[in-house]
Amino acid sequence: MTRETIEKYTSELVMELREHEVGGKIIGDAVAQVESHSAESGAEPSAEFGTPQEFAGELARGRTKKIGWPLYVTSAILTLGGGVLLLRGIFGVIQDREILWGIPPLVGIIVGTLAILAWILVMIVAADPIRDPRRRS
């Protein structure tokens, strides 16, 4: 068994688990389990865990993350609303007039920028990175 065999197995496993929308913590646990077992036993990962597709299917049962429509609605509101306010604010400054309902253009620029930054923060949190349980973070 070589290091390349383990890396190939774990990369296929990660890809399969991401396709099944399994959370990053569970993926990190599975990768650590495969690497530890293979290092200790010296056996091929597929001999103990089956193919990456089989192992991923087993791990994915009942463990999918549920983000769905709230993330999509939040993204749409923050990006579209923030973009519209930002652009109207910029054009309001250029044309020296209010953007909507007497709102000054500078307020539109600030609120639009904050909405887009909030969207970036939401996407970072929703990314769900893979965490290795063997390392403290």
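In what follows, the accompanying structure is described.

## Considerations on the environment of aspartate 96
Part 1: Within the secondary structure layout, aspartate 96 lies in the loop between α5 (68-95) and α6 (105-126).
Part 2: Taking the C-alpha atoms as reference points, aspartate 96 and valine 107, 11 residues apart in sequence, are found 13 Å from one another.

## Things to note about the side chain of glutamate 16
Part 1: Looking at the secondary structure, you find glutamate 16 in helix α1 (residues 3-19).
Part 2: No salt bridge forms around the buried glutamate 16; measuring N to O, its nearest opposite-charge neighbour lysine 8 is 12 Å away.

## So, the packing of α1 against helix α2 (residues 24-41)
Part 1: At a minimum axis separation of 10 Å, α1 and α2 run at an interaxial angle of 160°. Relative to α2, α1 is oriented roughly antiparallel. In this structure, the crossing between α1 and α2 has a hand that is right-handed. On the side of α1, the interface is formed by Arg3, Ile6, Tyr9, Thr10, Leu13, Val14, Leu17 and Arg18, while α2 contributes Gly24, Ile27, Ala30, Val31, Val34, Glu35 and Ser38.
Part 2: In terms of residue class, the contact of α1 with α2 is built from nine nonpolar, three polar and three charged.

## Details of the pattern of salt bridges
Part 1: With the rule as written, the count across this model stands at four salt bridges.
Part 2: The partner of lysine 8 in a salt bridge is glutamate 12, with the nearest N and O atoms 3.5 Å apart. Pair noted here: lysine 8 and glutamate 12 are both in helix α1, with a separation of four residues, about one helical turn.
Part 3: The class for lysine 8 is exposed, based on a relative accessible area of 53%.
Part 4: Close ionic contact of aspartate 29 with lysine 25 constitutes a salt bridge, the shortest N to O distance being 3.7 Å. Linking aspartate 29 with lysine 25, this pair stays in helix α2, spanning four residues, or about one helical turn.

What counts as what
Residues numbered from 1 in each chain as written. Predicted model: local features only at pLDDT ≥ 70, side-chain atom pairs only at ≥ 80, totals over all residues. Heavy atoms only, no water. Helix = DSSP H or I, 4+ residues; strand = E, 2+ residues; numbered from the N terminus. Buried < 20%, exposed > 50% of the residue type's maximum accessible area, 1.4 Å probe, protein only. Lys, Arg positive; Asp, Glu negative; His and termini not counted. Salt bridge = Lys/Arg side-chain N within 4 Å of Asp/Glu carboxyl O. Axes fitted to C-alpha atoms, helices over the stretch in contact; angles between N-to-C directions. Parallel < 35°, antiparallel > 145°, perpendicular 65-115°, else oblique. Left-handed = near helix turned anticlockwise from the far one by under 90°. Contact = heavy atoms within 4.5 Å. Nonpolar A, V, L, I, M, F, W, Y, C, P; charged D, E, K, R; others polar.

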